[in-house]
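Architecture at a glance
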Amino acid sequence: MDRLDQGEHLDRQLADRLALAAREAVRDELREQSRTRRRATAYYAASGAVALYAGAALALAVGLVLAAGMPDWAAALVTAVILGVVAHFLRGAAHRPGTGSVHGGPDDVIGGSAPAAPPSGLGTPYPTVPPTVPSANAGVTGTPAPIPQSGIGGRAAPRQDDIDPEASQHL
């Protein structure tokens, strides 16, 4: 028995050493990645700041050109309207499908399109949606919403009696 305890102790020491080496390797890799990402982030921030000043200088130049033929206040107003229109179009372009917008819509799936089947390969990936929309007052007066008689693709929707709870446990 004492020999088994000694072997188990050696196994535990080996596992601890391997875990420590793995942790140190992962920590070093994460440090290196964060260092390069910090550097890239700093360059992006500097680029954005310079672009902001370039845009301000361009707006000033447009205003000065316009001020040559009209009052200064009117030139500033026209420049502001031009910048507002450009901002509106840029915002619209950000929300167009296929542009990789940051704020996805309710139908957007992160990483592309929805999978055709769940990872397990069993069943449908998402709950089915009834083909008819319940009326606005369904459920309000105490009456239940209508249940559709056909499922997706024209197949009959399963009834509660048709579902075998034990069959799902064996899958």
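Provided above is the structure to which this section pertains.
Let me sum up the structure you'll find in this document. Since we're looking at a predicted model, the values are computed, not measured.

**Brief notes about the overall build of the protein**
Along the backbone of the protein there are three helices and zero strands. Each helix and strand of the protein, ordered N terminal to C terminal, gives the series α-α-α. Of all 171 residues assigned to the protein, the portion counted as buried reaches 4%. Surface accessibility of the protein: about 15,100 Å² in total, with carbon and sulfur atoms responsible for 63%.

**Overview of the pattern of salt bridges**
Applying the stated criterion across every chain, the model contains two salt bridges. D28 is paired through a salt bridge with R31; the nearest N and O atoms lie 3.6 Å apart. Of this pair, D28 and R31 both sit in helix α1 (residues 2-67), separated by three residues, roughly a single helical turn. With its nearest N and O atoms 2.9 Å apart, the salt bridge here joins R35 to E32.

**A look at helix α2 (residues 72-94)**
Compared with an ideal rise of 1.5 Å per residue, which puts 23 residues at 33 Å, α2 spans 33 Å between its outermost C-alpha atoms and is within 8% of the ideal. When α2 is considered as a whole, its buried residues turn out to be A74, A75 and T79.

**Here's the deal with the environment of M70**
Of note, M70 is situated in the loop between α1 and α2. A residue is classified by how much of its surface remains accessible, and M70, at 31% relative accessible area, is partly exposed. Setting aside chain neighbours within four positions, we find M70 in contact with A75 and V78.

**Some points on a nonpolar patch on the surface**
On the surface, L58, V62, M70, V78, I82, V86 and L90 cluster together to form a nonpolar patch covering roughly 570 Å² of accessible area. Elements that contribute at least two residues to the nonpolar patch include exactly α1 and α2. Among the elements that take part in the nonpolar patch, α2 stands out by supplying four residues, more than any other. With respect to the helices, strands and loops of the structure, I82 is situated in helix α2.

Reading the values: rules and limits
- Residues numbered from 1 in each chain as written.
- Predicted model: local features only at pLDDT ≥ 70, side-chain atom pairs only at ≥ 80, totals over all residues.
- Heavy atoms only, no water.
- Helix = DSSP H or I, 4+ residues; strand = E, 2+ residues; numbered from the N terminus.
- Buried < 20%, exposed > 50% of the residue type's maximum accessible area, 1.4 Å probe, protein only.
- Areas by Shrake-Rupley, 256 points an atom, 1.4 Å probe, with all protein chains shown as cover.
- Salt bridge = Lys/Arg side-chain N within 4 Å of Asp/Glu carboxyl O.
- Expected span 1.5 Å × (residues − 1).
- Contact = heavy atoms within 4.5 Å.
- Patch = residues over 30% accessible without salt bridge, like charges linked within 9 Å, V, L, I, M, F, W, Y side chains within 5 Å.

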